[in-house]
Amino acid sequence: MLLPSDGEIEILGKRLDRMSGGQRDRWRAQAIGVVFQQFNLIPYLDAVDNIRLAAHFGPQRVAGNAAEELLRALNIEEAMFHRATSQLSIGQQQRVAIARALVNRPALLIADEPTSSLDARNRDQFMELLLAQAQASDTAVVFVSHDPSLAGYFQRVEPLASLNRATGTQPAAGAP
């Protein structure tokens with residue numbers, strides 16, 4: 001987690017800029033779930049162990065079968081639970097990544113372009129599963145995407161303007 005060079009960052013009532021690196025890491029593991037664009041699963045671990053590893057760093061010990069329950073809720077066949085994630089399809093890996101992000105019932109889920117490699121049908125199915133699981137966990141979702149067709153899934157949509165990093169200003173009209 002990067003710190004700002006100026007100003008402060010407060011998330012969920014915690015000032016991250018006042019925490020040590022270790023404190024930020026522990027807090028992030030407890031309060032935030034992340035679904036990465038490339039999933040970042042450990043390829044030689046199976047689906048259950050990828051989820052249990054995330055649970056290990058959570059705020060409390062998660063029930064012994066929480067990983068399996070999440071996988072079932074995300075429509076992963078039980079035959080796939082104990083296969084190395086490198087042997088799963090992209091769609092299955094994506095759902096394992098969701099389960100891993102939600103296992104600790106985080107207050108906040110950040111999803112970074114998780115639908116970028118999906119066709120429209122699989123994208124819509126993924127979105128429904130993700131949002132249903134987030135709702136069941138009472139988790140807020142921050143979803144980053146370049147796909148404007150996903151806006152209908154959310155109550156609030158905020159377009160992000162490009163900033164010139166050198167000056168901190170927005171580019172002139174018509175500028176790239």
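Since we're looking at a predicted model, the values are computed, not measured.

### A short note on helix α3 (residues 66-73)
Here comes step 1: Looking only at α3, the buried set comprises A66, A67, E68, L70 and L71.
Here comes step 2: For α3, the elements touching its buried residues are α2 (47-56), α4 (90-102) and α5 (120-136).
Here comes step 3: Looking one or two residues beyond α3, the residue adopting positive phi is N75, at roughly 60 degrees.

### What about the layout of surface pockets?
Here comes step 1: Here the largest pocket defines a volume of roughly 1200 Å³.
Here comes step 2: Only β4 (108-112), α5 and β5 (140-144) provide two or more residues apiece to the lining of the largest pocket.
Here comes step 3: If one sorts the elements of the lining of the largest pocket by residue count, β5 sits on top with five residues.
Here comes step 4: A class-by-class count of the residues in the lining of the largest pocket yields 17 nonpolar, five polar and four charged.
Here comes step 5: Considered as a void within the structure, the second largest pocket measures approximately 520 Å³ in volume.
Here comes step 6: For the second largest pocket, the lining is made up of 19 residues, of which A29, I32, A54, F57 and R100 are closest to its centre.
Here comes step 7: Contributions of two or more residues to the lining of the second largest pocket are made by α1 (21-31), β3 (32-35), α2 and α4.
Here comes step 8: Of all the elements, α1 adds the most residues to the lining of the second largest pocket, at five residues.
Here comes step 9: Taken together, the residues of the lining of the second largest pocket sort by class into nine nonpolar, six polar and four charged.

### With respect to the sheet that holds β4
Here comes step 1: The three strands are arranged β3-β4-β5 in an open sheet whose pairing can be described as parallel. Looking at which strands have only one partner, the edges of the open sheet turn out to be β3 and β5. Going from strand to strand, the sheet's axes swing by 15 degrees on average, the running direction of each strand aside.
Here comes step 2: As defined by bridge partners, β3 adjoins β4 across four bridges and the pair is classed as parallel. Of the residues in β4, the one forming a bridge with V34 is I110.
Here comes step 3: On the sheet, α1 packs against β3 and β4 and is oriented at approximately 75 degrees with respect to β3.
Here comes step 4: In the packing of α4 onto the sheet, the strands contacted are β3 and β4, and the crossing angle to β3 comes to about 170 degrees.

### Remarks on the environment of R83
Here comes step 1: With respect to the helices and strands, the residue R83 is situated in the loop between α3 and α4.
Here comes step 2: You can call R83 partly exposed: its relative accessible area is 36%.
Here comes step 3: Sequence separation between R83 and D49 is 34 residues, and the spatial gap between their C-alpha atoms is 9.9 Å.
Here comes step 4: In this view, R83 contacts L45, D46, A47 and L88; residues no more than four positions away in its chain are not counted.

### Focus on the pairing of β4
Here comes step 1: Judged from the five bridges that link them, β4 and β5 form a sheet pairing that is parallel. Bridged to I110 within β5 is V142.
Here comes step 2: Assessed by its sense of winding, the connection that carries the chain from β4 through α5 to β5 is right-handed.

Rules behind the numbers
- Residues numbered from 1 in each chain as written.
- Predicted model: local features only at pLDDT ≥ 70, side-chain atom pairs only at ≥ 80, totals over all residues.
- Heavy atoms only, no water.
- Buried < 20%, exposed > 50% of the residue type's maximum accessible area, 1.4 Å probe, protein only.
- Helix = DSSP H or I, 4+ residues; strand = E, 2+ residues; numbered from the N terminus.
- Contact = heavy atoms within 4.5 Å.
- 1 Å grid on protein atoms, 1.4 Å probe; cavity = no way out; pocket = protein on both sides within 12 Å on 5 of 7 lines; lining within 4 Å.
- Points joined across faces, edges and corners; volume = space filled by probe spheres on them.
- Nonpolar A, V, L, I, M, F, W, Y, C, P; charged D, E, K, R; others polar.
- Pairing = 2+ DSSP bridges.
- Axes fitted to C-alpha atoms, helices over the stretch in contact; angles between N-to-C directions.
- Right-handed = clockwise from strand over helix to strand, strands pointing away.

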